[in-house]
Amino acid sequence: MSAAQVAIRARGVGKRFGANQVLADIALEAREGEVTCLIGPSGSGKSTLLRCMAFLERHDEGTIEVFGRPMGFGADAARRPLPEADVAAVRRDLGMVFQQFNLWPHMTALGNVSEALKRVRRLPRREAEGRAMAMLEKVGLGERAAHYPSELSGGQQQRVAIARALAMEPRMVLFDEPTSSLDPELTGEVLTVMRQLAQDGMTMVVVTHEIGFAAQVAQHVVFLDGGRVLLDGRAGEVFRQPWHPRLGQFLQTYLDLGASVLFQG
Amino acid sequence: MTFDLGLILGSLPEVLAAAWVTIVMWLASAAMGAALGFVLALLRRYGGRAAAWPILGFVTVIRGTPFLIQLFLLYYSGPSIGIDLDPTGSGLLSLSIYASAYFCEIFTGGFAAIPRGHVEAAICVGLSRAQIVARILVPEMALLVLPACVNMTILMMKETAVLSIVTVPELTLVITAIGSRTFAFAEALFLLAIAYWVLTEATGRLGRFAEGALARYRLA
Ligand SMILES: Nc1ncnc2c1ncn2[C@@H]1O[C@H](COP(=O)(O)OP(=O)(O)OP(=O)(O)O)[C@@H](O)[C@H]1O
Ligand SMILES: [Mg+2]
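As a starting point, this report considers the structure included with it. (Residues numbered from 1 in each chain as written. Chains lettered and ligands numbered in written order. Predicted model: local features only at pLDDT ≥ 70, side-chain atom pairs only at ≥ 80, totals over all residues. Heavy atoms only, no water.)

1. Topic: the overall build of chain A
Along its length, chain A carries ten helices and ten strands. Here the C-alpha radius of gyration of chain A, 19 Å, is about what a compact globule of 265 residues would show, namely 18 Å. Looking at chain A as a whole, 56% of its 265 residues qualify as buried. Sequence separation of 24 or more characterises 64% of the internal contacts of chain A that already satisfy a separation of 6 or more. Split by element, the accessible area of chain A, about 11,400 Å² in all, is 48% carbon and sulfur. Positive and negative side-chain charges in chain A, numbering 30 and 30 respectively, have mean positions lying 5 Å apart. (Helix = DSSP H or I, 4+ residues; strand = E, 2+ residues; numbered from the N terminus. Rg over C-alpha atoms; globule rule 2.2 N^0.38 Å. Buried < 20%, exposed > 50% of the residue type's maximum accessible area, 1.4 Å probe, protein only. Contact = heavy atoms within 4.5 Å. Areas by Shrake-Rupley, 256 points an atom, 1.4 Å probe, with all protein chains shown as cover. Lys, Arg positive; Asp, Glu negative; His and termini not counted. Charge placed at Lys NZ, Arg CZ, Asp CG, Glu CD.)

2. As for the interface of chain B and chain A
Taken together, the 22 residues of chain B in the interface contact 25 residues of chain A. Around 2,200 Å² of area is buried between chain B and chain A when both sides are counted, 60% of it from carbon and sulfur atoms. Run the count over chain B and chain A and you get four salt bridges. A salt bridge links R51(A) to E120(B), with the nearest nitrogen and oxygen atoms 2.7 Å apart. Across the chain B-chain A interface, the total number found is nine residue pairs in polar contact (both at pLDDT 80 or more). (Buried area = accessible area lost by both parts, 1.4 Å probe. Salt bridge = Lys/Arg side-chain N within 4 Å of Asp/Glu carboxyl O. Polar contact = N/O pair within 3.5 Å; in protein donor to acceptor, adjacent residues only side chain to side chain.)

3. Points about the pairing of strand β6 (residues 94-97) of chain A
Residues and elements named next belong to chain A. In β6, alternate side chains face the same way, and those of L94 and M96 on one face and G95 and V97 on the other are all buried. Direction of pairing for β6 relative to strand β7 (residues 172-176): parallel, over a ladder of four bridges. Paired with M96 across the two strands is L174, which belongs to β7. (Pairing = 2+ DSSP bridges.)

4. Observations concerning helix α8 (residues 171-182) of chain B
All names here are of chain B. Taking 1.5 Å of rise per residue, the twelve residues of α8 would be expected to cover 16 Å, and the 16 Å separating its terminal C-alpha atoms lies within 8% of that figure. When α8 is considered as a whole, its buried residues turn out to be L171, T172, V174, I175, I178 and G179. Taken together, the buried residues of α8 touch α1 (6-9), α2 (12-46) and α9 (185-214). Its side-chain oxygen placed 3.1 Å from the backbone nitrogen of T172, E170 serves as the N-cap of α8. (Expected span 1.5 Å × (residues − 1).)

5. Quick look at the packing of aromatic side chains
One pass over the full model with this rule turns up ten aromatic pairs over all chains. Geometrically, the ring pair formed by F103(B) and F107(B) is stacked, given 5.8 Å between the ring centres and 25° between the ring planes. Linking F103(B) with F107(B), this pair stays in helix α5 (residues 87-112), spanning four residues, or about one helical turn. One Lys or Arg, R79(A), reaches over the ring of F73(A) and ends 4.1 Å from the middle of that ring. Residue placement shows R164(A) over the ring face of W104(A); its charged tip is 4.3 Å from the ring centre. (Phe/Tyr/Trp six-rings, centres within 6.5 Å; stacked < 30°, edge-to-face > 60°. Lys NZ or Arg CZ within 6 Å of the ring centre and 35° of its normal.)

6. Some remarks on the side chain of R164(A)
Within the secondary structure, R164(A) is located in helix α5 (residues 154-167). In this structure, R164(A) is buried with no salt-bridge partner, the nearest side chain bearing the opposite charge being E140(B) at 8.0 Å. At 3.3 Å, the side chain of R164(A) forms a polar contact with the side chain of N112(A). Those residues in contact with R164(A) that lie beyond four places of it in its chain are F101(A), N102(A), L103(A), W104(A), N112(A), V113(A), A121(B) and V125(B).

7. Focus: helix α3 (residues 49-64) of chain B
The end-to-end C-alpha separation of α3(B) is 22 Å, in line with the 22 Å expected for 16 residues at 1.5 Å each. Elements in contact with the buried residues of α3(B): α2, α4 (67-77) and α5 of chain B.

8. A few points about the pattern of salt bridges
Under the criterion given, the structure shown has 26 salt bridges over all chains. Among the ionic pairs, K118(A) bridges to E129(A), the shortest N-O distance being 3.3 Å. Of the two residues, K118(A) sits in helix α3 (residues 109-119) while E129(A) sits in helix α4 (residues 125-138), which places them eleven residues apart along the sequence. Take E129(A): its relative accessible area is 22%, and that puts it in the partly exposed class. A salt bridge links E120(B) to R116(B); the nearest nitrogen and oxygen atoms lie 3.6 Å apart.

9. Here we look at a nonpolar patch on the surface
Residues and elements named next belong to chain B. On the surface, F3, F190, I194, W197 and V198 cluster together to form a nonpolar patch covering roughly 510 Å² of accessible area. Inspection of the secondary structure assignment puts I194 in helix α9. Given a relative accessible area of 36%, I194 falls into the partly exposed group. (Patch = residues over 30% accessible without salt bridge, like charges linked within 9 Å, V, L, I, M, F, W, Y side chains within 5 Å.)

10. Concerning the site of ligand 1
All names here are of chain A. Close to ligand 1 lie 13 residues, the nearest being S42, G43, K46, S47 and T48. At 2.5 Å, a side-chain N or O of S42 approaches an oxygen atom of ligand 1. At a separation of 3.2 Å, an oxygen atom of ligand 1 approaches a polar backbone atom of S44. Protein coverage of the free-state accessible area of ligand 1, which is 630 Å², stands at 59%. Breaking the shell around ligand 1 down by element, the ones donating at least two residues are β2 (20-31) and α1 (46-53). Here the shell around ligand 1 gets three residues from one element, more than from any other, and that element is α1. Grouping the amino acids of the shell around ligand 1 by side-chain chemistry returns three nonpolar, eight polar and two charged. (Near = heavy atom within 4 Å. Nonpolar A, V, L, I, M, F, W, Y, C, P; charged D, E, K, R; others polar.)

11. Considerations on the packing of α8(B) against α9(B)
Residue and element names in this part refer to chain B. Following both chains from N to C, one finds α8 and α9 inclined at 160°, their axes separated by 8 Å at the closest point. Classified by the angle their axes make, α8 and α9 are roughly antiparallel. The element α8 and its partner α9 pack so that their crossing is right-handed. Contact with α8, carried on its side by L171, T172, I175, T176, G179 and S180, involves F185, A188, L189, L191, L192, A195 and Y196 of α9 and no other residues of that element. Residues that form the contact of α8 with α9 fall into these classes: nine nonpolar, four polar and no charged. (Axes fitted to C-alpha atoms, helices over the stretch in contact; angles between N-to-C directions. Parallel < 35°, antiparallel > 145°, perpendicular 65-115°, else oblique. Left-handed = near helix turned anticlockwise from the far one by under 90°.)

Next up, the structure:
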């Protein structure tokens, strides 16, 4: 197999909230070993699409496959809902990182990261905590293992959340605006961890407003607007098309230093 | 007439015995009420509609009627439906039921206040429903509702005074009886107020201490 395997394949995906058509006829492929960035204006459906990939949201139409296995619904025309156990099995390939971190406040950093290793993997405590510790060290937080989320900065909390996702050894990680609720001076430490992860070859789908990060790290960029895929291509191609009126407008809004450096060339 | 606490201090052993009854009735019914309220809240939220509606009805009725009426109903009408309890038994049971409705409401609010994302994060790392309830929802809820529970427990302590009406030998009954016997009504009522205040203050302090000790387990 020379061509990279498809990690996520969405076809004809549609989603409504009441009368609001949030996603319409979405088709995209995220390849294994690549970083795919989903960008687009606020309300364009990025989070919803990412959440559908993890089946935290049910898509009303179309199919989503994760490493070749249908997510949530059978792949045939009947779209029969899959049993919870099947959904959980497909989810095992996915890690998820949220904008709001969503750490469990009553557990230490180590507890957050080791919880699923103990309860889902059923590893003995020592082994689970050993692995969790290794993950925390990987995100630079070995010394904070005994701290509770309330005792960590936002950037540290998000890195713990990344360690928690990685500890379960997913085949890919989904990020929903991982730095959007952080103070500007804290986004860097999270982006550094993500960049390292990308360099290690982790498959990632990242919803982000960090255009600089997208331009530097992503191989694949998908631009969503009004619930539709407006542009989809190699990162270099997409960012060389700011003549596209909607993308141009969007980039002007979110252009940061990283992207402006890119366009100077 | 002078204010002379000495008049009733002769009955101190009686007062202490009554204080003991009050404390036992109070803590036992608070514990049973909290336990029952917890089960009701769990069923109401995670037990499907078949459980949610009757529980909502129960909570509404208990919270919507005076405790005194509930106590009378159990004590005087109980025997006609085969519940024949002595005053202490009726008091304990009715106070527990009364408390369970309030605790159910407190716990339900606590569950509702947990950010949905905490559950989604748990789903994404593969925790089962039962594990999510036991490991994430219940502990987070407990931390959120601690202040409200302390408050409720203090209210219940004062509610035990109502039990005097069905002749449970608790503080209010005993001290007012001493008052009538010795004609030292003012002194008796003063002592009674002091006794409840001491219990309230002790509970409040304990609650604030617990909140302080648990602060690090909470986010903002
Ligand atoms: N649970 C929900 N119920 C109803 N409407 C929703 C829900 N979640 C999202 N929406 C709506 O769907 C649309 C797309 O939302 P979504 O969060 O996916 O956008 P987004 O691209 O992630 O935006 P942002 O950049 O602000 O995060 C919006 O109009 C939003 O109001
Ligand atoms: Mg979003």
